[in-house]
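# An overview of the molecular structure
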Amino acid sequence: MERRRDGGGAPAEPSPQEEGAEPDLAVERGGAGGAQERELVAAGASVPDDGQPPPGSLTTAVTSGASWSAMGRLGAQFLQFGAGLVLARLLVPADFGLLASVYVITGFAVLFFDMGLTGALVHQRVMRQADLDTVFWVNGIGGLVFVGLLAAIGPLVADFYGDERLTYLTPLAGLSFALFLGVSHSALLQKSLRFKQLALAETLAAVVGNVVTVVGAVVGLGPLALVAGPAVQSLVLTVLLCVAAPWRPRGFIRRESVRRLWAFSGGQLGFTVVNFFGRNSDNLLIGRFLGAAPLGYYNRAYNLMLLPLQQISQVMGRVMFPALSAMGDDRPRLQRAYRRTVTLITAITMPVLVGMSAVADGLVPLLWGDQWTTSIPLLQLLCLAGLPQCLASTEGWLYQSQGRTVTMFKMGAASTAVWVAAIVIGLQWGTVGVAVGILVTTWAYQPFAMHVACALIGLKGRRVLFDIAPTVLISLVMGAVVWAAPALLGLSRQEPLVVVGQVLVGTVLYAGLMLLFRRDVLRDLKSLRPGASRAAAA
């Protein structure tokens, strides 16, 4: 998608938006035959011909958006992490395993009601009122149908897993999806790069949701507490998004809107479905063949591994998808933006993953208690498997921004086939075997996946791998030192003070090595601070 640019001539005067005002969400445009059609346009992402964006342009908006998205996401995850520590002591592993089993089903089914339409909205250069109406009603009606279907299949789910509690937990888990009606509002905020409002809404909703979950566990609701919190969080988030983006539906589902959006969302939906199945097949198979308790141990370890990986990539992905779409066919600029962002993501996530693997012996009992020690080898293996996934989480930006969602679906199908095969083979050795299978698969498959994705913008995948190689090496050196230190000093790895010392040593060592060998990356990280981009532009 190519964004229109102004020709030569004198530069235009800065708009109020460039001076820090909120971007307009709507303008009136003339339609065919003089008819007026109200279209919603994401403002604030124009790209000047000279390639040097002024204050308020795409580069500044992306940097500011990344800062606010990071703060919002980190704030929400800090709350979730803290709540998780409390819940690990109030609930038993089987409670978490039950909900992990349910979310395999609910999470998969809900994909069909969104149909990838949200991504299609953000990808559009112009957001039409009719398209937003269509997405709103598809989401709302689909949620109601979804809860009804879950109520109908609840007994079947309970029979499949052998636990009668799933009869009522299954439909209740669907409430968190049915109560979220802010898809169109969220797309508007993302398209106009208003990530401050989005971050504030999500953080406040996370506060309310996690408080409800903890209170429910304290009063003895058991696994019900794990479905009550997300449901309340979805409802609160819907209200806050409606306030932040004052848009209201004016029509119903339109066939022409569905057809227009489906051109993009069809491949997106296909990828999302096969990717969801692949990424949740471990939970499905472990829960079915090994039981709820082993799944609880595995699920907690996997979620802790995902914490730095998924949250950082989601923060940047939310910003980079609309930003890369705005760059159109400007391949040199696309390549620079992608390489720089991948380098920043790996500089943040890889040392955290390696560090968690190195201190897992003491970290798991420190965070969750001695009853969770079975999760230690799982966390170690999954964190190492997460290193290639730092790259995999960015590839979707390229497919989506270039409108190549059908290719993304094909690659997702191939990845899922390999992933599921590894899990099935690993099941013979329990949850540790599954973790080893995932580790081997991700390291073997990722170079090929990176090559295919980078080719879409004329970039060699090996060039990206070369960019991050120093960071990978520095992270592994740091991890080796942190892991070996207790044994060399004759200390117990399970002592809380030893774990704290390992974290401090690892942090100082990593920062020192990066300062010596990757000072350019540290400068880029510094530029992500709120207000840094404006100061630089001034």
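Residues numbered from 1 in each chain as written. Predicted model: local features only at pLDDT ≥ 70, side-chain atom pairs only at ≥ 80, totals over all residues. Heavy atoms only, no water.

## Considering the overall build of the protein chain
- The helix and strand tally for the protein chain stands at 20 helices and three strands.
- Going through the 538 residues of the protein chain one by one, you find that 53% of them count as buried.
- Accessible surface, the protein chain as shown: approximately 23,500 Å² in total, 65% of it carbon and sulfur. (Helix = DSSP H or I, 4+ residues; strand = E, 2+ residues; numbered from the N terminus. Buried < 20%, exposed > 50% of the residue type's maximum accessible area, 1.4 Å probe, protein only. Areas by Shrake-Rupley, 256 points an atom, 1.4 Å probe, with all protein chains shown as cover.)

## Notes on the packing of helix α15 (residues 405-426) against helix α16 (residues 430-455)
- Close contact between α15 and α16 brings their axes to 7 Å; oriented N to C, the two are set at 155°. Compared by their axis directions, α15 and α16 come out roughly antiparallel. Crossing hand, α15 versus α16: right-handed. Here α15 contributes Met 411, Ala 414, Ser 415, Val 418, Trp 419, Ala 422, Ile 423 and Gly 426 to the contact with α16, which in turn contributes Gly 430, Gly 433, Val 434, Gly 437, Ile 438, Thr 441, Thr 442, Tyr 445, Phe 448, Ala 449 and Val 452.
- Partitioning the contact of α15 with α16 into residue classes produces twelve nonpolar, seven polar and no charged. (Axes fitted to C-alpha atoms, helices over the stretch in contact; angles between N-to-C directions. Parallel < 35°, antiparallel > 145°, perpendicular 65-115°, else oblique. Left-handed = near helix turned anticlockwise from the far one by under 90°. Contact = heavy atoms within 4.5 Å. Nonpolar A, V, L, I, M, F, W, Y, C, P; charged D, E, K, R; others polar.)

## Structural notes on the side chain of Asp 467
- Within the secondary structure, Asp 467 is located in helix α17 (residues 461-489).
- The contacts of Asp 467, once residues within four sequence positions are left out, are Arg 339, Thr 343 and Arg 518.

## Here's the deal with the confidence of the model for the protein chain
- For the protein chain, the mean per-residue pLDDT works out to 79, and 82% of the residues sit at or above 70.
- Confidence over residues 532-538 falls short of pLDDT 50; this stretch has eight contacts with residues more than four positions distant or in other chains. (pLDDT = per-residue confidence, 0-100.)

## Description of the packing of aromatic side chains
- Across all of its chains, the model carries ten aromatic pairs by this definition.
- Taking 5.1 Å as the distance between ring centres and 85° as the angle between the ring planes, the aromatic pair formed by Phe 136 and Trp 137 counts as edge-to-face.
- Under the relative-accessibility criterion, Phe 136 is labelled buried at 14%.
- Residue class for Trp 137 comes out partly exposed when judged on its relative accessible area of 30%.
- When the ring of Phe 146 is compared with that of Phe 177, the centres are 5.6 Å apart and the planes differ by 70°; the resulting orientation is edge-to-face. You can see Phe 146 sitting in helix α4 (residues 129-161) and its partner Phe 177 sitting in helix α6 (residues 175-178), a full 31 residues away along the chain. (Phe/Tyr/Trp six-rings, centres within 6.5 Å; stacked < 30°, edge-to-face > 60°.)

## Section: the side chain of Ser 234
- When you line up the elements, Ser 234 lands in helix α9 (residues 225-244).
- Those residues in contact with Ser 234, other than ones at most four positions away along the chain, are Ser 176, Leu 179 and Phe 180.

## So, the environment of Val 227
- Of note, Val 227 is situated in helix α9.
- Here Val 227 falls in the buried class, since its relative accessible area comes to 6%.
- For the pair Val 227 and Val 212, spaced 15 residues apart in the sequence, the C-alpha separation amounts to 9.8 Å.
- Not counting chain neighbours up to four residues away, the residues in contact with Val 227 comprise Leu 99, Tyr 103, Leu 172 and Ala 173.

## Some words on the environment of Pro 332
- You can see Pro 332 is positioned in helix α12 (residues 331-358).
- Residue Pro 332 is classed as partly exposed on the basis of its relative accessible area, which comes to 47%.
- Along the primary structure Pro 332 and Gly 458 are separated by 126 residues, whereas in three dimensions their C-alpha atoms are 8.7 Å apart.

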